[in-house]
Amino acid sequence: QVQVVESGGGLVQPGGSLRLSCAASGSIFASVAMGWYRQPPGKERELVAVHRSGAGTKSEDSLKDRFTISRDNAKNTVYLQMNNLKPEDTAVYYCKFTTISSINWGQGIQVTVSS
């Protein structure tokens, strides 16, 4: 089994920054991708950014200027640096870790942007 654990969320004022971390552990044989999704209140889950092994990153166009995904392959960890946060970024952020044999989601972490 693969365990996926997110950290780094919380409450931040508009214009502030947060860095989310996601670590995968367990029976990891071949990682395909690690990425971030989010689900704002009352809305469906949406892609934020994903890092694909050997294929670079893909990000939601509207977030590229403020959000940056990075990955530490040695640690099976992916990060999401979020800058200039806005109230509309308030959501539960989920990490998704995909291997050649499984898709694994973290439990999600709350990010609230409010003054």
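Scroll up for the structure.
Conventions adopted
Residues numbered from 1 in each chain as written. Predicted model: local features only at pLDDT ≥ 70, side-chain atom pairs only at ≥ 80, totals over all residues. Heavy atoms only, no water. Core = buried A, V, L, I, M, F, W, Y, C linked by side-chain atoms within 4.5 Å. Buried < 20%, exposed > 50% of the residue type's maximum accessible area, 1.4 Å probe, protein only. Helix = DSSP H or I, 4+ residues; strand = E, 2+ residues; numbered from the N terminus. Contact = heavy atoms within 4.5 Å. Pairing = 2+ DSSP bridges.

Q: Lay out the nonpolar core with the relevant residues and their values.
A: Counting residues in hydrophobic clusters, the biggest one holds 25 residues, and the most contacted among them are Leu20, Trp36, Val48, Phe67, Leu80, Met82 and Tyr93. Those elements that provide at least two residues to this core are β1 (2–7), β3 (18–26), β4 (31–39), β5 (46–52), β7 (67–72), β8 (77–82), β9 (91–99) and β11 (109–113).

Q: Tell me about the environment of Gly106, and name the residues and values.
A: Looking at the element boundaries, Gly106 is found in the loop between β10 (103–105) and β11. Judged by relative accessible area, Gly106 falls into the buried class, the value being 9%. Considered as a pair, Gly106 and Val2 are 104 residues apart in the sequence and their alpha carbons are 9.9 Å apart. With residues near it in sequence (within four places) discarded, Gly106 still touches Val4, Glu6, Tyr94 and Cys95.

Q: Any chance you could break down the pairing of β8 for me, citing the residues and the numbers?
A: Counting buried residues in β8 gives five out of six residues, a clear majority hidden from the surface. As paired elements, β3 and β8 share six bridges and run antiparallel to each other. Among the inter-strand pairings, Ala23 is bridged to a residue of β8, identified as Thr77. Sheet analysis places β7 next to β8, joined by six bridges and oriented antiparallel. Each bridged residue has a counterpart across the sheet, and for Thr68 the counterpart in β8 is Gln81. A loop of four residues connects β7 with β8, the two strands running antiparallel in sequence, and Asn76 in this loop sits at a positive phi of about 50 degrees.

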